Amino acid sequence: MTTLGIVGFVIALLVSVMLHEAGHFLTAKRFGMKVTEFFVGFGPRLWSFRRGETEYGVKAIPAGGYVRIVGMTPLEDVPEADRSRAFYRQPAPQRALVLAAGSLTHFLIALVLLTIVTLGLGSPALTPTISTVSACVPTITATSDVCAPGATASPAELAGIRPGDQIVSVDGHPTRSWNQVTSAIVAAGPGPATVVVERTGRQITLHPDLVESTRPSLTTPGATVTVPFLGVGPSIVVQRTNPLPLYGQFFTLSVKGLMAIPVAVPRLFGQAFEHAPRPANGLTGVVGFARVTGQVVGAPDPTYVRVGLFLMLIASLNVFIGIFNLLPLLPLDGGHLAVLVFEQVRRGLYRIFGRSDPGRVDLRKLMPATYVVLVLLIGLSVLLLVADIVNPLQLPA
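Residues numbered from 1 in each chain as written. Predicted model: local features only at pLDDT ≥ 70, side-chain atom pairs only at ≥ 80, totals over all residues. Heavy atoms only, no water.

1. Observations regarding the overall build of the protein
The test is simple: Secondary structure elements follow DSSP: runs of H or I of four or more residues count as helices, runs of E of two or more count as strands, with numbering from the N terminus. Each residue is placed in one exposure class: buried if its accessible area under a 1.4 Å probe, protein chains only, is under 20% of its type's maximum, exposed if it is over 50%, and partly exposed if it falls in between. In this description, contact between two residues means that some pair of their heavy atoms is separated by no more than 4.5 Å. In short, Shrake-Rupley with a 1.4 Å probe defines the accessible areas, and a residue's cover is counted only from the protein chains shown. By the counting rule applied here, Lys and Arg register as positive and Asp and Glu as negative, while His and the ends of each chain are not counted. Working definition for charges: the position is that of NZ of Lys, CZ of Arg, CG of Asp or CD of Glu.
A tally of helices and strands in the protein yields 11 helices and 13 strands. Reported as C-alpha extents along the three principal axes, the dimensions of the protein are approximately 85 × 45 × 40 Å. Counting all 397 residues of the protein, 40% fall into the buried class. For the protein, restricting intrachain contacts to residue pairs at least 6 apart in sequence, the fraction spanning at least 24 positions comes to 63%. When the accessible surface of the protein is totalled, it reaches about 21900 Å², and 65% of it is carbon and sulfur. The averaged location of the 22 negative side-chain charges in the protein is 9 Å from the averaged location of its 30 positive side-chain charges.

What follows is the structure in structure tokens.
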């Protein structure tokens, strides 16, 4: 199943690339621009065919794809017969839409996938109904769920909490969701607490004595946290919800991830020196993402959960790629958009002050900056590849 997840990721990534390029292709064709090539991959041509004025095909290196639109820049030597259809000769709004179409396609893919998950498959949600009661208090050195001889019984076990009980309140704080349960336990702190549960239609008041438990931190690799411990696990139900809030969360997390890249890069190999795996929420490359999707698909969870998590991972990847591609850096689409916006703003200002049109930006002057961005992107890709191999990400157990 793990191999199936990796293969599924590779296929999903290639399909996303094809759809990205299809976004550029279809909008360019819609506005009458001439598109001569539509290829998946780079390097030597493996297979292709021609239909009309466009050649479609596959190249040897599956590291992306491209659409060749005649006259993407004024630096190209465009035949006289094609100049009226050259990209740079078209109105600015049309050029902007063609440039943004790739990222917009990624955003649409993510929205469709999240809609399938949240409205079709449904998403697992934690409830205050207890599914498991820990027999003992876990320790940071525990290697299994089996209690060691002489282990301390859990507060829930001692207080008589049973699977199937629904936690109604903790220390007077109503608990209608699992997040409220955990927040109330943290607020209660170690020591005596009052827990009201509903069992077979009636409410029962119990008095567990919460204890401190040390466990690995979910946010800081290699660190531990000490939290109040009751010893109960939630039930999981399937809920069908509006995909838009989750969609917004993916955008927020992607933006935060981009902003954290300068800080995250030095930490790629930190856990390797500490003999600890990288956390699953850290910076990763294609190899690491493929490994995580493989772990998700190979996990011993219900099929709908594994499929849903897989689709959510692919949706998150598409959101991230869409936002990354809009960064105002050449040679990314966002860099070309930034140049286009600059040209239009400058043209407008010149018009206001009665000056003649300054014309287009000389892209040759921007080439040194473009090469710097390319080197940084290639360097980051290599670092991520090495880190994914020598210090792989791991899903939390």
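Continuing now.
2. Considering empty space enclosed by the protein
Note the threshold: Detection works on a 1 Å grid of protein atoms alone, calling trapped sets that fit a 1.4 Å probe cavities and calling open sets with protein on both sides within 12 Å along at least five of seven lines pockets, with lining residues defined by an atom within 4 Å of a point. Grid points are joined across faces, edges and corners, and a volume is the space filled by probe spheres set on the points.
Throughout the structure, instances matching the rule amount to 1 cavity of 30 Å³ or more. Its boundaries defined by the atoms lining it, the largest cavity holds a volume of some 130 Å³. Together, 13 residues line the largest cavity, and Met72, Phe87, His336, Val339 and Arg360 are the ones closest to its centre. Of all the secondary structure elements, the ones that give two or more residues to the lining of the largest cavity are helix 2 (92-121) and helix 10 (333-352). A per-element tally of the lining of the largest cavity places helix 10 first, with 4 residues.

3. A few points about unusual backbone geometry
Of note, the bond from leucine 330 into proline 331 is cis; its omega dihedral lies within 30 degrees of zero at 15 degrees. With a phi close to 50 degrees, aspartate 171 is a non-glycine residue in the positive phi region. Following the sequence through the fold, aspartate 171 ends up in the loop between strand 4 (166-170) and strand 5 (173-174). According to the relative accessible area criterion, aspartate 171 is partly exposed, its value standing at 34%. The phi dihedral of threonine 200 is positive, around 50 degrees, even though this residue is not glycine.

4. A closer look at the layout of surface pockets
Convention followed: We call Asp, Glu, Lys and Arg charged. Ala, Val, Leu, Ile, Met, Phe, Trp, Tyr, Cys and Pro are nonpolar, and the rest, Gly among them, are polar.
Taken as a whole, the second largest pocket spans an internal volume of roughly 270 Å³. Taken together, Leu258, Ile261, Pro262, Phe324, Leu327, Leu329, Val373, Leu376, Leu377, Gly379, Leu380 and Leu383 form the lining of the second largest pocket. Elements with a contribution of two residues or more to the lining of the second largest pocket: helix 6 (261-264) and helix 11 (367-390). With 6 residues, helix 11 is the largest single contributor of residues to the lining of the second largest pocket. Looking at the lining of the second largest pocket residue by residue, the class counts come to 11 nonpolar, 1 polar and no charged.

5. Looking at the pattern of salt bridges
How we decide: Within this document, salt bridges are pairs made up of a side-chain nitrogen of Lys or Arg and a carboxyl oxygen of Asp or Glu, the two lying within 4 Å of each other.
Applying the stated criterion to the full structure yields 11 salt bridges. Its salt-bridge partner being glutamate 53, residue lysine 29 comes within 3.2 Å of it at the nearest N-O pair. Of this pair, lysine 29 sits in helix 1 (residues 2-30) while glutamate 53 sits in the loop between strand 1 (35-51) and strand 2 (54-69); the two residues are 24 residues apart in sequence, bridging distant segments of the chain. Classification of lysine 29 by relative accessible area gives partly exposed; the value is 34%. Take glutamate 53: its relative accessible area is 25%, and that puts it in the partly exposed class. Note that arginine 68 is salt-bridged to glutamate 37, the shortest N-O span being 3.6 Å.

6. Concerning helix 10
We count it as follows: In a helix, the anticipated span is given by 1.5 Å times the number of residues less one.
For helix 10, with 20 residues, the first-to-last C-alpha span of 29 Å sits near the 28 Å given by 1.5 Å per residue. Buried within helix 10 we find Asp333, Gly334, Gly335, Leu337, Val339, Leu340, Glu343, Arg346, Arg347 and Gly348. Those residues of helix 10 that are buried lie in contact with helix 1, helix 2 and helix 9 (303-325).

7. Quick word on the confidence of the model for the protein
Rules: Each residue carries a pLDDT score, the predictor's confidence in it, ranging from 0 to 100.
The predicted model of the protein has a mean per-residue pLDDT of 86, with 91% of residues at 70 or higher. When pLDDT is averaged over each element of the protein, helix 2 comes out on top at 95 and helix 7 (residues 270-273) at the bottom at 53.

8. Let's talk about the packing of aromatic side chains
Counted only if it meets this: Note on aromatic pairs: the rings of Phe, Tyr and Trp (six-membered ring only in Trp) are paired at centre separations within 6.5 Å, and the planes decide the class, stacked below 30 degrees, edge-to-face beyond 60, tilted for the rest. Comment: the charge-over-ring label is applied if NZ (Lys) or CZ (Arg) is within 6 Å of the ring centre and within 35 degrees of the ring normal.
Within this structure, the stated rule accounts for 11 aromatic pairs. Here phenylalanine 25 and tyrosine 56 contribute two aromatic rings whose centre-to-centre distance is 5.9 Å and whose plane-to-plane angle is 65 degrees, an arrangement assigned as edge-to-face. With phenylalanine 25 in helix 1 and tyrosine 56 in strand 2, this residue pair connects regions lying 31 residues apart in the sequence. Each ring, one from phenylalanine 49 and one from tyrosine 56, has its centre 5.3 Å from the other, and the planes form 20 degrees; the classification is stacked. The exposure class assigned to phenylalanine 49 is partly exposed, which follows from its relative accessible area of 35%. Here the aromatic cluster, defined as three or more aromatic residues joined through ring pairs, consists of Phe25, Phe38, Trp47, Phe49 and Tyr56. In this structure, lysine 59 packs its charged tip against the face of phenylalanine 39, placed 4.8 Å from the ring centre.

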